[in-house]
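# A closer look at the structure
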Amino acid sequence: MKRFYCCCNQELFFESDRCETCGRQVGFDPQNLEMVVWHSADQPVQSATGRPLRSCANRFPYDACNWLVDAGSDRELCVACYCNRTIPNLQKKVNQKRWRALERAKRRLVYSLFRLGLELVSKWEDPEGGLWFDFLEDKRSDEEVDEGFVTTGHAGGVITINVIEADAPQREAMRESMNEPYRTLLGHFRHESGHYYWQRLIGDVPENLQSFRQVFGDETIPYDEALRQYYAHGPRKDWRQYFVSAYASAHALEDWAETWGHYLHMIDTLETAQAYGFVPHEAVGAPFDQRFSEWVSLTVALNSLNRSMGLPDAYPFVLSQAAREKLAFVDRILAARRQMKLPVRS
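A short tour of the structure in this document, coming up. (Residues numbered from 1 in each chain as written. Predicted model: local features only at pLDDT ≥ 70, side-chain atom pairs only at ≥ 80, totals over all residues. Heavy atoms only, no water.)

## Some remarks on the packing of aromatic side chains
- On inspection of all chains with the given rule, the structure shows 30 aromatic pairs.
- Put simply, the rings of Tyr196, Tyr197, Trp198, Phe212, Phe216, Trp256, Trp260 and Phe329 touch in pairs and so form one group of aromatic residues.
- Here the guanidinium or amino end of Arg75 rests over the ring plane of Tyr82, the centre of that ring lying 4.2 Å away. (Phe/Tyr/Trp six-rings, centres within 6.5 Å; stacked < 30°, edge-to-face > 60°. Lys NZ or Arg CZ within 6 Å of the ring centre and 35° of its normal.)

This is how it looks when you write it as structure tokens:
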């Protein structure tokens, strides 16, 4: 994540909707990946290049979004919110808090996708190839809903997130029960987006599919049975030698999604570290081996800092040579995609 500043030189956060120093309202322009400042209440909002802008309709009354929309667009929602199909029942106050947390994590995902040159199209515009988000409840958080159990996952271009994941105590309990070293909302979004972009980047590109199989294995192995075996018997004993996580060993598609998620962790965190002067090189564009070496050094430092504060490791993973090669594969696929100069925003 890059750094943002108000016109008064106060630093802004990616989630900011106002400057804490001068009180001006601010919003994020997804086309330029920049924060925009309202210089006065009676003047129109404009991007750095002079494009007229207005707030996403989800900014008010729930403070659920700080992104901006082109003033001439016939859509009321920003590009990220326009990909929603289902949001929680906002008549329940607790769901307002959950929804804001879900949207914050989703916008960080979308920022990373745009930063990497990936296009994002809603199923409202492209029913076949687009993306939707469903934020759903089950009986664990609302006894009145029909669903007994909603699984966070992806199917057919729809990413489903159980809203209970937005409750930190519930999420931590699930992390403990499933013996996971890391479980966050942002991690869910990054992982599930990997399944969606697998089809766009690998499944629909025959030459990439062949290369994928050489690195990750055969994705045609029955998925449901592989997952059943994983949950019944646990991961492969040697998973640390070949995979970024234990869950990645369940199936080639989960290996890809876990690797994809870790790649997004790496790129976004390195960009943040570079913006604050902790690493010298750009997160996107520098040779992969260089960035990977910086990532390893940075995560050791992050984990040491967390331990100094009595906190769990920020990145509780050790990456093997095989995992590094899989991350490098993701990097090559994305570099080739960027060279195609496809539109990145709908």
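## Points about the environment of Arg107
- Along the chain, Arg107 turns up in helix H1 (residues 93-115).
- Between the C-alpha atom of Arg107 and that of Cys65, which follows or precedes it by 42 residues, the distance is 8.6 Å.
- One polar contact links Arg107 to Asn66, side chain to side chain, over a distance of 3.5 Å. (Helix = DSSP H or I, 4+ residues; strand = E, 2+ residues; numbered from the N terminus. Polar contact = N/O pair within 3.5 Å; in protein donor to acceptor, adjacent residues only side chain to side chain.)

## Observations concerning the pattern of salt bridges
- Using the criterion set out here, one finds 28 salt bridges in the structure.
- Across the salt bridge formed by Lys106 and Glu103, the nearest N and O atoms sit 2.9 Å from each other. Residue Lys106 and its partner Glu103 are both found in helix H1; the two are separated by three residues, about one turn of the helix.
- What makes Lys106 buried here is its relative accessible area of 0%.
- Assessed through its relative accessible area of 0%, Glu103 is described here as buried.
- Here the salt bridges share partners, and the residues they tie into one network are Glu15, Arg108, Arg190 and Asp268. (Salt bridge = Lys/Arg side-chain N within 4 Å of Asp/Glu carboxyl O. Buried < 20%, exposed > 50% of the residue type's maximum accessible area, 1.4 Å probe, protein only.)

## A closer look at the nonpolar core
- Among the nonpolar cores identified, the biggest contains 87 residues, and Trp67, Ile202, Phe212, Trp256, Trp260 and Tyr263 are the most heavily contacted of them.
- In terms of residues, this core owes the most to one element, helix H7 (residues 252-275), which gives 10 residues.
- Excluding residues within four positions of it along the chain, Trp67 makes contact with Phe14, Phe28, Pro30, Ser55, Cys56, Cys78, Val79, Ala80, Arg107, Val110 and Tyr111.
- In terms of nonpolar packing, the next biggest core, distinct from the first, is built from five residues, Val36, Val45, Leu53 and Leu68 among them. (Core = buried A, V, L, I, M, F, W, Y, C linked by side-chain atoms within 4.5 Å. Contact = heavy atoms within 4.5 Å.)

## With respect to unusual backbone geometry
- Here the bond from Phe60 into Pro61 is cis, since omega is 5°, no more than 30 degrees from zero.
- The residue Pro61 is located in the loop between strand S6 (52-55) and strand S7 (68-70) in this model.
- Backbone geometry at Asn9 places phi at a positive 80°, although glycine is not the residue there.
- Mapped onto the fold, Asn9 is located in the loop between strand S1 (4-5) and strand S2 (11-12).
- Here Asn9 falls in the exposed class, since its relative accessible area comes to 63%.
- Here Leu33, not a glycine, exhibits a phi torsion of approximately 55°, which is positive.
- Structurally, Leu33 is set in the loop between strand S3 (26-29) and strand S4 (34-37).

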